[in-house]
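Topology and contacts: notes
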There are 2 protein chains.
Amino acid sequence: MAHVDLNIALLGCGTVGSEVVRLLAEQSDDFAERCGARLNLIGIAVRDVSAPRPDHVPRELLTDDAESLIERADLVIELIGGLEPARTLILRALNSGASVVTGNKALLATHGPELHEATARADVDLYYEAAVAGAIPVVYALRESLAGDQVTAISGIVNGTTNYILDEMTTKALSYEAALADAQKLGFAEADPSADVDGLDAAAKIAIMASIAFHSRVGIDDVDTRGIREITAEQIAAATREGYVIKLLATARRAPNGITVQVAPTLVARTHPLASVSGAYNAVVTESEAAGRLMFYGQGAGGAPTASAVLSDVVAAAAKRVYGGHAPRELPYASLPVLPAASARGVFTIDLTVTDQPGVLASIAEPFARHGVSIGQVRQDADGPRARVSIMTHTAPRGALEAIADELADNPHVIAVGALMPVEG
Amino acid sequence: MAHVDLNIALLGCGTVGSEVVRLLAEQSDDFAERCGARLNLIGIAVRDVSAPRPDHVPRELLTDDAESLIERADLVIELIGGLEPARTLILRALNSGASVVTGNKALLATHGPELHEATARADVDLYYEAAVAGAIPVVYALRESLAGDQVTAISGIVNGTTNYILDEMTTKALSYEAALADAQKLGFAEADPSADVDGLDAAAKIAIMASIAFHSRVGIDDVDTRGIREITAEQIAAATREGYVIKLLATARRAPNGITVQVAPTLVARTHPLASVSGAYNAVVTESEAAGRLMFYGQGAGGAPTASAVLSDVVAAAAKRVYGGHAPRELPYASLPVLPAASARGVFTIDLTVTDQPGVLASIAEPFARHGVSIGQVRQDADGPRARVSIMTHTAPRGALEAIADELADNPHVIAVGALMPVEG
């Protein structure tokens, strides 16, 4: 089979980038068969060409002149991360007629529409499987496999760091602080863990998935985002007793007049397929009208798994340059609005500490009734002169629950109102 | 956005076909956005136009003249099933320049190479997501998402009927016969259940998956296929005691000099992600060099889930007719040979009934040592004057185990030799 040659430029050479270099070299013949093109890595743009690199990275390909490199490329792989200079370089590549493969979730969740428009205008392709859930082909699934269906909901565990921390808290009865310190010692959490533990990384990923699934524009700022800093060992122990685990879930749901998108610590029933996703693994569940529930599970991070996702995109983009056609355009034809967080409907729990007196339960139940929220289950445990009351609702909008929580905080019988937590399964 | 028109012909209008008709009508505008084409269903070929159909199937589209219908079509959806006339009609469609979407696993596993060659020659597309595991996009994953990686193994639960029967045997301690009768009563098993319970349906599916994953030709006859008829309630109870479940697994593995492909009842450790796949659900696990382990889970059968897979293929095929390009060609460039079943390596268990005398264990262990098979674990339970011995090996080729089993059958201390069973996890 005769092959054309495609020039590949790599921007960034960290953990994922150097794995991409390795796989491009090792599987060169396979790639030629699969996409009909020889993939020639013509250069690797890095900030510091003299920094130490793995042995298999060819020194002669390193350059600090990304602009010149891009000019010679048919296909640009961006693995720098962050907003700038990644955004400017990707736009430059698209405008010069190159297709782009990126794993940059923050950039897509912030400037996605600009990038998609530039891609369509230049009639090239933008692929970004590696931006969501590492090796798991969930972008592909949403973009192409579910193209014959109507997605109604997506929920996923898409941040390995928080999943590891919550797992450690659950299995070893650790405090949040102790589990975070362990994760940092093992390299699973950064010295500044806020992007992970405050839910921002997960928020970027669900924004990207919701944009594709609902053919609408969802940015990171549209996501109602809550992290795991406030989760206590007591909450985890109580969840375990009741048959739940606490997971940081990213969810997007189609509502009658728009979509709701959130990241929040969530009580997940042990029988739910997401409950058994542990450690650094990721999983995404989609619900759609015809296909029903699908789950995709795998390694959500790491050099080799993420590089695998990058290379599947490279093969797809290369094949399109050889044989014609293009990836589905992401111009948001549906344009469903993202609804305010208060309108997100779900089952919630709320924990209260109350004085243990006659009539207290009635006074607690009253605002639920007034706001039209029906109560599914109440558990009360005496604790000396106090009682702990845990209430699980039927499906209701978060806004009603927030109003109820505010009113309960003013109830003289109520000593403390715990955080609202959504429930799945 | 201006749209072109594509003429769609549907062959077959059973459970899946009539769902396809419904979704094509309901989501017509969405499809137009997604693939740049209006999808016009121009006819539905059926054997008997006067047979009863759901109300939403337009009577005026029914015809018993499939050949004439195909001549007018840009895209043919084949949902007749079976080898003929499906094969002839698909070849006619491809040769006339139409792209084809099919869910016909038996046909692909038998005549796949002929169909793929006709597809490449006519420069059209053949899509068949619905042929394997219903709505789960595993054909897509193997064909495209893992195109940047090297698959080393695939294993899956891809037959809902047998999974349901084994589940019933496990959770209700039923015999095979009782569980099968229940499944038949509920419509989960056919009156003649052999395609399911003898593993033929699963064999067709693993042949298709192995062909894609290893870029080689694997037909249904290459699959070493064992069914579940011989599984006893005692085996299931013993597996449960040891922390395993028995699942009908379809597996394909890359070996140094080829591939091994099999369908067999398998002991799956409770901690393995496939162990918790229950009832009519399907799941496929892929192992690849860079991505590691990925799992895909969802509904493996049923009208709507299968129709969702068909329509994702229709959208992909339609987009390619509008925008150019084609699906990955499946001309088997790697051509790895399928190795004989005897060379399939794995961990196995073998159960023996023996006379309970001194020296018996030594005489049992001797052939293992002579064939170079190392024993991982032995369990012996006295049962009156007899004993039951269950041996789990370390990784070894099936052929060695079969030779050992034959020799043990001739051992005067051995009263009965049970079936060899592979072990996962």
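Residues numbered from 1 in each chain as written. Chains lettered and ligands numbered in written order. Predicted model: local features only at pLDDT ≥ 70, side-chain atom pairs only at ≥ 80, totals over all residues. Heavy atoms only, no water.

1. Describing the overall build of chain A
Counting secondary structure elements, chain A contains 14 helices and 18 strands. Rg of the C-alpha trace for chain A: 24 Å, near the compact-globule value of 22 Å for 425 residues, within the 12% margin. Counting only C-alpha atoms, chain A reaches 85 × 45 × 35 Å along its principal axes. Out of the 425 residues belonging to chain A, those deemed buried represent 57%. In chain A, 72% of the contacts between residues at least 6 apart in sequence involve partners at least 24 apart. Summed over its atoms, the accessible surface of chain A is roughly 16,300 Å², and 50% of this surface lies on carbon and sulfur atoms. (Helix = DSSP H or I, 4+ residues; strand = E, 2+ residues; numbered from the N terminus. Rg over C-alpha atoms; globule rule 2.2 N^0.38 Å. Buried < 20%, exposed > 50% of the residue type's maximum accessible area, 1.4 Å probe, protein only. Contact = heavy atoms within 4.5 Å. Areas by Shrake-Rupley, 256 points an atom, 1.4 Å probe, with all protein chains shown as cover.)

2. Things to note about the UniProt feature "binding site: NADPH" (unreviewed entry) in chain A
All names here are of chain A. Here the UniProt-annotated "binding site: NADPH" (unreviewed entry) positions come out as Lys105. Residue position: Lys105 is located in helix α5 (residues 105-122). Not counting the four nearest positions on each side in its chain, Lys105 is found in contact with Ala131, Asp201, Ala204, Lys205 and Ile208. (UniProt positions renumbered as here; feature names shortened; annotations may be inferred.)

3. Details of the UniProt feature "binding site: NADP(+)" (unreviewed entry) in chain A
Feature annotation in UniProt places "binding site: NADP(+)" (unreviewed entry) on Leu11, Gly12, Cys13, Gly14, Thr15, Val16, Gly17 and Ser18 of chain A, given in this structure's numbering. Not counting residues within four places of it along the chain, the set of residues in contact with Ser18 of chain A comprises Cys13, Pro54, His56 and Val57 of chain A.

4. What to know about the sheet that holds strand β6 (residues 126-127) of chain A
Residues and elements named next belong to chain A. With respect to topology, 6 strands assemble into an open sheet ordered β3-β2-β1-β4-β5-β6, the strand pairing being parallel. The open sheet has two free edges, formed respectively by β3 (62-63) and β6, since each of these has just one partner strand. As judged from the 2 bridges shared by strand β5 (residues 99-102) and β6, these two strands associate in the parallel manner. Across the sheet, Val101 pairs through a bridge with Tyr127, a residue of β6. Packing against the sheet, helix α12 (residues 303-323) makes contact with β1 (4-11), β2 (37-45), β4 (75-78), β5 and β6, and its axis sits at approximately 170° to β5. (Pairing = 2+ DSSP bridges. Axes fitted to C-alpha atoms, helices over the stretch in contact; angles between N-to-C directions.)

5. Quick notes on the interface of chain B and chain A
Listed per partner, the contact involves 40 residues of chain B and 40 residues of chain A. Taking both sides of the interface into account, the surface hidden between chain B and chain A amounts to around 3,700 Å²; carbon and sulfur atoms contribute 54%. Across the contact surface, chain B and chain A share 0 salt bridges. Here the element with the most residues in the side of chain B that touches chain A is strand β12 (residues 292-299) of chain B; it accounts for 8 residues. Pairing of strand β12 (residues 292-299) of chain A with β12 of chain B involves 3 bridges; the strand directions are antiparallel. Its bridge partner lying in β12 of chain B, Phe296 of chain A is registered against Phe296 of chain B. (Buried area = accessible area lost by both parts, 1.4 Å probe. Salt bridge = Lys/Arg side-chain N within 4 Å of Asp/Glu carboxyl O.)

6. Overview of the sheet that holds strand β1 (residues 4-11) of chain B
All names here are of chain B. In spatial order, the strands read β3-β2-β1-β4-β5-β6; together these 6 strands make up an open sheet with parallel pairing. Both outer strands of the open sheet, β3 (62-63) and β6 (126-127), are each paired with one neighbouring strand and no more. Examined bridge by bridge, strand β4 (residues 75-78) and strand β5 (residues 99-102) share 4 bridges and lie parallel to one another. Looking at β5, one finds that Glu78 is bridged to Thr102. Contacting β1, β4 and β5, helix α4 (residues 86-95) crosses the sheet at an angle of about 150° to β5. Most of the contacts of helix α12 (residues 303-323) go to β5, to which it runs at about 170°, and overall it touches β1, β2 (37-45), β4, β5 and β6.

7. Description of the packing of aromatic side chains
One pass over the structure, following the stated rule, counts 6 aromatic pairs over all chains. Ring geometry for Phe296 of chain A against Phe296 of chain B: centres 6.0 Å apart, planes inclined by 90°, an arrangement best described as edge-to-face. A residue pair is termed interchain when its members come from two chains, as with Phe296 of chain A in strand β12 and Phe296 of chain B in strand β12. Residue classification places Phe296 of chain A among the buried positions, given a relative accessible area of 1%. Ring geometry for Tyr164 of chain B versus Phe188 of chain B: centroids 4.7 Å apart, planes at 70°, classification edge-to-face. (Phe/Tyr/Trp six-rings, centres within 6.5 Å; stacked < 30°, edge-to-face > 60°.)

8. Side note on the relation of the copies chain B and chain A
There are two copies of the chain, and a rotation about an axis plus a shift along that axis relates them. With an axial shift of 0.0 Å and an RMSD of 0.1 Å, the rotation relating chain B to chain A amounts to 180°. Overall, the copies show the geometry of a two-fold rotation axis. When the interface residues of chain B are mapped onto chain A, 100% of them again lie at the interface, so the same face is used by both copies. (Least-squares fit on C-alpha atoms with pLDDT ≥ 70 in both.)

9. As for the pattern of salt bridges
Residues and elements named next belong to chain B. Scanning the entire structure with this criterion turns up 43 salt bridges over all chains. For the salt bridge of Asp224 with Arg226, the shortest nitrogen-to-oxygen distance reads 2.9 Å. Residue Asp224 is classed as buried on the basis of its relative accessible area, which comes to 17%. Between Glu402 and Arg398 there is a salt bridge, with the nearest N and O atoms lying 3.3 Å from each other. With Glu402 and Arg398 both in helix α14 (residues 398-409) and 4 residues apart, the pair spans about one turn of that helix. The partly exposed category is assigned to Glu402, whose relative accessible area is 30%.

10. Quick look at the domain arrangement of chain A
The assigned domain composition of chain A is domain 1 (4-134 + 303-323), domain 2 (138-299) and domain 3 (341-424). The gap between the C-alpha centroids of domain 1 of chain A and domain 3 of chain A is 51 Å. (Domains from an automatic or database assignment.)

11. A look at helix α7 (residues 160-172) of chain A
Within an α-helix, residues lying three or four positions from one another point in the same direction, as the helix has 3.6 residues per turn. Residue and element names in this part refer to chain A. In a regular helix each residue adds 1.5 Å, so 13 residues correspond to 18 Å; α7 covers 18 Å between its end C-alpha atoms and thus fits that length. For α7, every residue scored as buried is listed here: Gly160, Thr161, Thr162, Asn163, Tyr164, Ile165, Leu166, Asp167, Glu168 and Met169. For α7, the elements touching its buried residues are β7 (151-157), α8 (176-185), α9 (194-197), α11 (233-241), β9 (244-255) and β11 (281-288). Among the residues of α7, the N-terminal cap falls to Asn159, whose side-chain oxygen and the backbone nitrogen of Thr161 are separated by 3.3 Å. Backbone geometry just downstream of α7 places Ala173 in the positive-phi region, at approximately 55°. (Expected span 1.5 Å × (residues − 1). Polar contact = N/O pair within 3.5 Å; in protein donor to acceptor, adjacent residues only side chain to side chain.)

12. Brief notes about the packing of helix α13 (residues 360-370) of chain A against helix α14 (residues 398-409) of chain A
Axes are the key here: two packed helices are described by the angle between their axes and the distance separating the axes. All names here are of chain A. Between α13 and α14, the shortest axis-to-axis distance is 10 Å and the interhelical angle comes to 150°. The angle between α13 and α14 falls in the class roughly antiparallel. For α13 against α14, the interelement crossing comes out right-handed. When α13 is examined against α14, the residues Ile364, Pro367, Phe368 and Arg370 are found in contact with a partner set consisting of Leu401, Ile404, Glu407 and Leu408. (Parallel < 35°, antiparallel > 145°, perpendicular 65-115°, else oblique. Left-handed = near helix turned anticlockwise from the far one by under 90°.)

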